[in-house]
Structures are given as structure tokens and as C-alpha cells.
Amino acid sequence: MSCIETIQSYALRSIGIGERLLPRSDFTLCEQFTLIGSGMIWNVYFGIMALATGFFLATAIAVAKGLPNLWLRKPAEWFIFLFRGSPLFIQFFFAYFLFLSLKGVHPIFDPFTAAWLGALIVLFLNTAAYSAEIFYGALQSIPKGEVEAADAYGLSGWSRFRRIVWPTMLRLAWPGYTNEAIFLFHATTLVYFSGFPAWQQRGDALYYASYFADKTFNPFVPYPILAMYFILLTLVIIGIFGLVNRRLNRHLPANTRTRLKVRPNLIR
């Protein structure tokens, strides 16, 4: 099988399109690049969906944590503490067994035991907790002069939050939030090794890399390929978030604009 045929057969295999059976022997570099790249579709899916939904929950939790109302502030604090205080890997395990128990109660919970939904919910809640703490810190760092100026212009409530508080919070939090986004994409590799099964061998990039490492007894080919894909993905994330950062700071002089400093977490 030529490399072009391999790409046609396996490029979309992780989502059920193309050749059903995995190669069994005589693995080529093209097969490894193609299948690991195919698995990256799931990593990108988990990362984008968790970020897109977790962003709004994180904003709400950050605001709730800063409120004087005890009934709103305490649940927000405990939510952040729970998901930041426990390892993501353990959260996957607990969530899977919880969804498995609910599945026995009613068939409506069947999709929750699948990675595409159950694991996504865990990632959504986890990144919301981490992002909420970042946003809360940014809210606490908003200069009082900006809020006072908003009050002087007659802005209050939702109008003040939308025009002054929220944009300033994002501008201050964006470098830290960029690091959270990068690590979230890296954390997606935990999905298929934490209880959620790979249905019909349709796993993520790490699933296929481990498959080749087990079959060839040589991890020094598939894992560097996997690392290369994630490095490229990280560069894309930095580029996109850098554009947003420049947009958020467009009103500031060039020499005072906050630059992104990528500092990935060592452990979740």
C-alpha cells in the first residue's frame, strides 16, 4: 500500500471513516504518521469543545466567587477547590463509574459512558475551575480607577460589566488563560487511558501511538511523532491566542502591551 493509499484509508479512521482494521505488521512511517494524526481529531475536538463551553462557566464562577452573597460565593469556591484539588485522571475515573451507574438506572445516560460526551463533561468542568481562578484573580486586579470612571459616566450593573469590567478582566487574564488552553489540549491525552473505552479502536493520538509502541516494541518512533503533532498544535494555539491578545490590548501604547508568556503546567 502506497503512502497516498494509506492516507486515504486511515486519515479519518478515528471517527469511523475509512479502513476498519488496523495494520498488524510491517508498520511504515506513513501509517504511523497517518493514524496518530487521525487520532488528533479527537484531541482537537475535546480541547475546542471544552474551552468553548468552559469559558462561559468560568466567567460566571469567577464573578460568583467575588460576590458578597454567601450562597453564591461558597458554591463557586468549593467548585474551584474540588476540581483544582483533585487530579484530572481521578476525575475521569469517578465520572466514568458514576455515568456507568446512572446508565443502569435509565438508558438515557448511555451516551455519557462514551468518551465523546462523558470525557468532554469532565474536561469542561475541569477547565472551567482552573479558568475561573484565573479570571477571579484578574477581576481582583482591575484598577479601581476604571470602575470609578465607569460610575462617573453613569454605567452600572450589566452595562458596566460588559463595557468595562469584562474586557479588562480578559485583558489581564489572557496570558494565564493561554497557558490553561495549551495544557488542556495536552490533558486530552488522558481520556482513553482513564476508563472511557475506545469504541472499535477509535482512539485519540496517544491511543494509536501506544498501539504502535506495543506492536513494534519501539516507543522511540510513535511517541516523537505524537510529540511533534502536539508541538504543532501548541504553536497554532499560541498564534490564535496571540491575535486575540493583540486585539484586547489594541488601545494601549505598544510599549505597555502585555505579551504572552507561555509557561505550561508540569502537573494537572
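Everything numeric in this text was worked out from a predicted model, so none of it was measured. (Residues numbered from 1 in each chain as written. Predicted model: local features only at pLDDT ≥ 70, side-chain atom pairs only at ≥ 80, totals over all residues. Heavy atoms only, no water.)

### What about the overall build of the chain?
Item 1. Along the backbone of the chain there are nine helices and zero strands.
Item 2. Counting helices and strands in the order they occur from the N terminus, the chain gives α-α-α-α-α-α-α-α-α.
Item 3. Within the span of the chain, comprising 268 residues, buried residues form 41% of the whole.
Item 4. When contacts within the chain are restricted to residue pairs at least 6 apart in sequence, those whose partners lie at least 24 apart make up 74%.
Item 5. Approximately 14,700 Å² of the chain is accessible, and the part contributed by carbon and sulfur atoms is 68%.
Item 6. Both charge centroids of the chain, one from 23 positive and one from 13 negative side chains, sit 10 Å from each other. (Helix = DSSP H or I, 4+ residues; strand = E, 2+ residues; numbered from the N terminus. Buried < 20%, exposed > 50% of the residue type's maximum accessible area, 1.4 Å probe, protein only. Contact = heavy atoms within 4.5 Å. Areas by Shrake-Rupley, 256 points an atom, 1.4 Å probe, with all protein chains shown as cover. Lys, Arg positive; Asp, Glu negative; His and termini not counted. Charge placed at Lys NZ, Arg CZ, Asp CG, Glu CD.)

### Some details on the state of the cysteines
Item 1. Evaluation of the coordinates by the stated rule reveals one disulfide.
Item 2. Between the sulfur atoms of Cys3 and its disulfide partner Cys30 the distance amounts to 2.1 Å. Its S-S torsion of approximately 85° makes the covalent link between Cys3 and Cys30 right-handed. Of this pair, Cys3 sits in helix 1 (residues 3-10) while Cys30 is found in helix 2 (residues 29-65), placing the two residues 27 residues apart along the sequence. (Disulfide = S-S within 2.5 Å.)

### Description of the side chain of Asn43
Item 1. Mapped onto the elements, Asn43 comes out in helix 2.
Item 2. Judged by its relative accessible area of 0%, Asn43 falls in the buried class.
Item 3. Residue contacts for Asn43: discarding those within four places in its chain leaves Phe185, Thr188, Thr189, Asp204, Ala205 and Phe230.

### Some points on the packing of aromatic side chains
Item 1. For the coordinates displayed, the defined rule picks out 25 aromatic pairs.
Item 2. Ring centres 5.7 Å apart and planes at 80° place the aromatic pair Phe55 and Phe135 in the edge-to-face group. Separated by 80 residues along the polypeptide, Phe55 in helix 2 and Phe135 in helix 5 (residues 115-140) bring together distant segments of the chain. We note that Phe55, like Phe135, is buried. (Phe/Tyr/Trp six-rings, centres within 6.5 Å; stacked < 30°, edge-to-face > 60°.)

### Describing the pattern of salt bridges
Item 1. Tallied over the full model, the rule gives four salt bridges.
Item 2. Through salt bridges that share partners, Arg73, Lys74 and Glu77 make up one connected network. (Salt bridge = Lys/Arg side-chain N within 4 Å of Asp/Glu carboxyl O.)

### A look at helix 9 (residues 222-248)
Along an α-helix, residues three or four apart share an orientation, since each turn contains 3.6 residues.
Item 1. The end-to-end C-alpha separation of helix 9 is 39 Å, in line with the 39 Å expected for 27 residues at 1.5 Å each.
Item 2. What helix 9 keeps buried is the set Pro222, Ile225, Leu226, Phe230, Leu233, Thr234, Ile237, Phe241, Gly242, Asn245 and Leu248.
Item 3. Its buried side turned inward, helix 9 meets helix 2, helix 7 (157-187) and helix 8 (205-216). (Expected span 1.5 Å × (residues − 1).)

### Observations regarding the nonpolar core
Item 1. Counting 65 residues, the largest nonpolar core has Ile36, Phe46, Phe92, Leu123, Phe135, Val191 and Phe196 as the members making the most contacts within it.
Item 2. Residue assignment for this core shows that the elements contributing at least two residues are helix 2, helix 3 (70-85), helix 4 (88-105), helix 5, helix 7, helix 8 and helix 9.
Item 3. Discounting residues that sit within four places of it in the chain, Phe196 has contacts with Phe92, Tyr96, Phe99, Phe112, Thr113, Ala114, Ala115, Gly118, Ala119 and Val191. (Core = buried A, V, L, I, M, F, W, Y, C linked by side-chain atoms within 4.5 Å.)

### Some words on the layout of surface pockets
Item 1. A volume near 400 Å³ is recorded for the largest pocket.
Item 2. At the level of elements, helix 2, helix 5, helix 6 (144-152) and helix 7 are the ones that each hand at least two residues to the lining of the largest pocket.
Item 3. Considering every element that reaches the lining of the largest pocket, the biggest residue donor is helix 7, with five residues. (1 Å grid on protein atoms, 1.4 Å probe; cavity = no way out; pocket = protein on both sides within 12 Å on 5 of 7 lines; lining within 4 Å. Points joined across faces, edges and corners; volume = space filled by probe spheres on them.)

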